[in-house]
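# Observations on the model geometry
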Amino acid sequence: MDVTEDAVRDICTDAVFERGERYREEGRIHGIHRIDTTVTAVVSGSRQYDVRVDLATNGFAPWCDCPYDGPGACKHVVAVLLWCVDDPPADEGDRLDATLDGADADQLRAFLRDELATNTDLRDRFLARVGEPTSQSVDEHRTAIDRRFEETNPEYPVVFEPIDFTQWFDLASEYREQERDASAATVYRALVESLDDNMERVDGAYDHFSRAFSRALDGYVDCVTTAERDADAITDAVAFLDERATSGTPLLAEHFEKAAVELREKLGEQSDE
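A few points on the structure.

Reading the values: the criteria
- Residues numbered from 1 in each chain as written.
- Predicted model: local features only at pLDDT ≥ 70, side-chain atom pairs only at ≥ 80, totals over all residues.
- Heavy atoms only, no water.
- Helix = DSSP H or I, 4+ residues; strand = E, 2+ residues; numbered from the N terminus.
- Buried < 20%, exposed > 50% of the residue type's maximum accessible area, 1.4 Å probe, protein only.
- Contact = heavy atoms within 4.5 Å.
- Patch = residues over 30% accessible without salt bridge, like charges linked within 9 Å, V, L, I, M, F, W, Y side chains within 5 Å.
- Areas by Shrake-Rupley, 256 points an atom, 1.4 Å probe, with all protein chains shown as cover.
- Salt bridge = Lys/Arg side-chain N within 4 Å of Asp/Glu carboxyl O.
- Lys, Arg positive; Asp, Glu negative; His and termini not counted.
- Charge placed at Lys NZ, Arg CZ, Asp CG, Glu CD.
- Expected span 1.5 Å × (residues − 1).
- Polar contact = N/O pair within 3.5 Å; in protein donor to acceptor, adjacent residues only side chain to side chain.
- 1 Å grid on protein atoms, 1.4 Å probe; cavity = no way out; pocket = protein on both sides within 12 Å on 5 of 7 lines; lining within 4 Å.
- Points joined across faces, edges and corners; volume = space filled by probe spheres on them.
- Nonpolar A, V, L, I, M, F, W, Y, C, P; charged D, E, K, R; others polar.
- Domains from an automatic or database assignment.

## Here's the deal with the environment of A172
- With respect to the helices and strands, A172 occurs in helix α8 (residues 166-177).
- A172 sits in the buried class, given a relative accessible area of 0%.
- Sequence-wise, A172 and D69 are 103 residues apart; in three dimensions their C-alpha atoms are separated by 23 Å.
- The contacts of A172, once residues within four sequence positions are left out, are A184, V187 and Y188.

Here you go:
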């Protein structure tokens, strides 16, 4: 749980560390809170940015909704972590637990239902944790992801700014925690398809989209090998990867080919069992 300056330096460049230090010294951090090991804060820059870090995770699992697309963490994340080095926020987990324990069950249910009715991201993750496995198809997830590309720059076919795919990665992670790997694979595949189809529209922030693609493809392969124990299912996944390697974005072809090889090796291992 101890956050050190050296640990913060390890997740960012020297230039970003210096900017984060300056932001910390300028008092740009607002509304910092900690629940268990998760710290959230708002950092003032050209606008207000939401930041989240996990003090117990190696590398702090940083997240920020700013458009930073360089290596490592952004200056907003660094500023928050440096705050935690100097003045770790008090853990509000016990207070939250006490409030939940004392809440009227009907009021709590009504509040949660209202939030779930209006927040589709929260609703999807809630159902992933306590509900039935997702009935959404790859195409349904893809429609929502593709819409992000359309909304980012509606007047032009080019995408200049990073797009936040957190809600889909969080949803896939929630499924994986519940050991619903087939449902997680559906989300990852939707991300892979959408990123592949839209990559040639990207003109700027290319590293951001490449990292998102690699993360989604790795997640898809991991989930397929975990969830699908029959050869036919893995064969279908290999066919999908082979098709994308030849028909998708040329710059991503090598990634699809390597993923297909990995799944073929899995097929071979199953044949030997």
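## A closer look at the side chain of R201
- Take R201: it is sitting in the loop between α9 (181-198) and α10 (206-227).
- Judged by relative accessible area, R201 falls into the buried class, the value being 18%.
- Those residues within four positions of R201 in sequence are excluded, and the remaining contacts are F149, E150, Y156, P157, V158 and V159.

## Some thoughts on a negative patch on the surface
- Taken together, the side chains of D36, D91, D94, D97 and D101 define an acidic patch exposed on the protein surface.
- The residue D97 is located in helix α4 (residues 93-102) in this model.

## Details of helix α3 (residues 75-86)
- Counted at 1.5 Å a residue, the expected span for α3 with its twelve residues is 16 Å, and the 16 Å between its end C-alpha atoms agrees.
- Judged by how many residues are buried, α3 sits mostly within the fold: nine of twelve residues are covered.
- Taken together, the buried positions of α3 are H76, V77, V78, A79, V80, L81, L82, W83 and C84.
- Buried residues along α3 sit against α1 (5-9), α2 (14-25), β1 (29-35), β2 (38-44), β3 (48-54) and β4 (63-64).

## A look at the environment of D104
- Looking at where D104 falls in the secondary structure, it is placed in the loop between α4 and α5 (105-118).
- Polar contacts involving the side chain of D104 include one to the main-chain amide nitrogen of Q107, which spans 2.9 Å.

## Comments concerning the layout of surface pockets
- Looking at the largest pocket, its volume works out to about 1,600 Å³.
- Lining the largest pocket are 44 residues, and of these R52, P62, W63, T166 and D170 sit closest to its centre.
- For the lining of the largest pocket, the secondary-structure elements that each account for two or more residues are β3, β4, α5, α6 (120-130), α8 and α10.
- Looking at the lining of the largest pocket, the element that brings in the most residues is α8, giving seven residues.
- Class assignment of the residues belonging to the lining of the largest pocket gives a composition of 22 nonpolar, eight polar and 14 charged.
- Mapped onto the domain boundaries, the lining of the largest pocket takes at least three residues apiece from domain 1 (5-86) and domain 2 (133-272).
- Taken as a whole, the second largest pocket encloses approximately 290 Å³ of empty space.
- Looking at the second largest pocket, the residues that line it are L96, L100, L108, F111 and L112.
- At the level of secondary structure, the elements contributing two or more residues to the lining of the second largest pocket comprise α4 and α5.

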